Every structure is written in C-alpha cells, then in structure tokens.
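A closer look at the structure
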Amino acid sequence: MTHRTRLIAALDTKDRQQALSWADDVGRIVDALKLGMEFTYSCGFEAVQEVSSGHSLFLDLKLHDIPNTVASGLSALASLRPALTTIHASGGSEMIARGRETLEKAILPGETRPKLLAVTVLTSMNAEGLAETGVDAPPREQVLRLGKLAMQAGADGLVCSAHEIAPLRDALGDDPILVVPGIRPAGASANDQKRIMTPAQAARAGADWIVVGRPIIRAENPARAAQAIMDELASA
Ligand SMILES: O=c1ccn([C@@H]2O[C@H](COP(=O)(O)O)[C@@H](O)[C@H]2O)c(=O)[nH]1
C-alpha cells in the first residue's frame, strides 16, 4: 500500500463562530482539525468539543511541566477524545512515560487511545534560536536526540520539521508517527516559521501528517486553499 500524507488544518483563532465556520467549510476537505492554545485558552473545552464534533481532533496544547502535573493535564484533556495530542520532549523521559501511562488509563475498553506526540524542536527555531537556549547543536541533531528519548519513553510519535524526517526514519524506522508543521505552499510567506518545506516536499520526505494553519485560514478562500494542498499531496 502506498503511504498517504494526511492534512491537518490548524484553526488558530480566539473566535468560536469563526472556528465553527472553518470546521464546516475546511473540515470537509482535510483529514483532521487542530485546535491549540489560542482557541482552547480563549474558548474552553466545551467549545473544543463543539468545533471538533464529527472531525478527527489534534489537540495541540504542548504540555511541559513536572510529570505529575502533565499527567493530570493529560487526564483532563483525554475527556475530549483527541486522536492526537502533544507534550514537549524536552520535559524528559519520566514526564513522557507518565503521560503515556495516564492516557492508557483514561480510555475505556474498546476506545482508541489518544496518540501521544512529543514536540522535538519547534519549527520556528533555527540554530541561532537553539543556541540562545543553551543548545549548541544544530536543529537536526537536537531533534534526533529528543526524538530517540521520547520514543524510548513511550511517545507514539514526534512533531518535527520536514527537514528531520529522513534522519528520524533512519534512526527510528517507520514506527514513530511523524507530524510536520512548518509547511508552506510555494511562494507563501514563512511568517515566523524557520524550518519549512512545501506540502509535496514533506510528503515525498515521508511525513505521516502535515499541519497547515495560516496558508489556509488566512487565504481569501480557505476551502479552496485546503483543496489545493490536498491536490498537491495527492500528486506528490
Ligand atoms: O513545532 C511546531 C509545533 C506546532 N506548531 C503548530 O502548527 C501550526 C502551524 O501554523 P502555521 O500558521 O501553518 O504556521 C500552529 O498552530 C503551531 O502552533 C508549529 O508550527 N511548529
């Protein structure tokens, strides 16, 4: 069977009605919807439930705290039944292992457990940004280090840029689910993203999912922009 890269639309807004309208419009075209800090902190869990109803949900809250607090947070957000959810790999192996254990316990028999993704190095960071935080390794090296740690600790997958897919596959094989933001159709503004690739390049590199926000939601016609990316993925 050929590998199909799936598209997640990031609905980054504080406006519940706007998110509902995109969910209707864009949600019919893409494979999953992402709701993150902006929407969840502004509108709350009940709104997340309403917007994601009938869609596959990537709940991207990037938890990063002591193991006990992260476990409690994951236990609470598991009630929203996301397909995918995130923590920061740099929180360490104990935090990741406790997170995985918590998600396993939070799910009833017969239900699908939310997949736990570890964010390696944010796609908005380059080598200079990493150096500011005391990491003197290039992004690729740091992604590999954190990716290995996270998978050994029980993560189901990783968030990385498209530039790190090949080295991660070489080191970890097909097992990790690779979710890839920092995606820009040719000619689109990078905005604050530093490690970017086009949808077709990311698909050819072997991304399982790509995440696209502003190129869709800030387009004049978001549904048309989403369809163009789906078409680019299909012909990659
Ligand atoms: O490393 C990361 C992790 C998460 N994101 C999230 O993806 C979207 C990307 O939005 P764009 O508008 O396409 O840049 C956004 O919600 C981020 O929170 C990421 O970009 N990089």
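Below is a short write-up of the structure. (Residues numbered from 1 in each chain as written. Predicted model: local features only at pLDDT ≥ 70, side-chain atom pairs only at ≥ 80, totals over all residues.)

Membership of the largest hydrophobic core comes to 68 residues, with the highest contact counts inside it found for Ile 8, Ala 9, Leu 11, Val 180, Ala 207 and Ile 210. For this core, the leading source of residues is helix 7 (residues 139-153), giving six residues. Sequence-distant contacts of Ala 9, defined by excluding residues within four places in its chain, comprise Val 26, Val 30, Leu 33, Lys 34, Val 212, Ile 216 and Ala 226. (Core = buried A, V, L, I, M, F, W, Y, C linked by C-beta atoms within 7 Å. Buried ≥ 20, exposed ≤ 12 C-beta atoms within 10 Å, placed from the backbone. Helix = DSSP H or I, 4+ residues; strand = E, 2+ residues; numbered from the N terminus. Contact = placed C-beta atoms within 7 Å.)

Our next topic: the sheet that holds strand 4 (residues 84-88). Spatially, the eight strands close up into a barrel ordered 1-2-3-4-5-6-7-8, and their pairing is parallel. For this sheet, the mean angle separating the axes of adjacent strands, direction not counted, is 25°. Bridging between strand 7 (residues 177-180) and strand 8 (residues 209-212) involves two bridges; their strand directions are parallel. What sits directly across from Val 179, in strand 8, is Trp 209. (Pairing = 2+ DSSP bridges. Axes fitted to C-alpha atoms, helices over the stretch in contact; angles between N-to-C directions.)

Of all five residues that make up strand 1 (residues 6-10), four are buried, and the element is covered over most of its length. Relative to strand 8, strand 1 runs parallel, the two sharing four bridges. Bridge pairing in strand 8 links Ala 9 to Val 212. Pairing of strand 1 with strand 2 (residues 32-36) involves three bridges; the strand directions are parallel. Each residue of the ladder has a partner; that of Ala 9, found in strand 2, is Leu 33. Handedness of the crossover joining strand 1 and strand 2 through helix 1 (residues 16-25) is recorded here as right-handed. (Right-handed = clockwise from strand over helix to strand, strands pointing away.)

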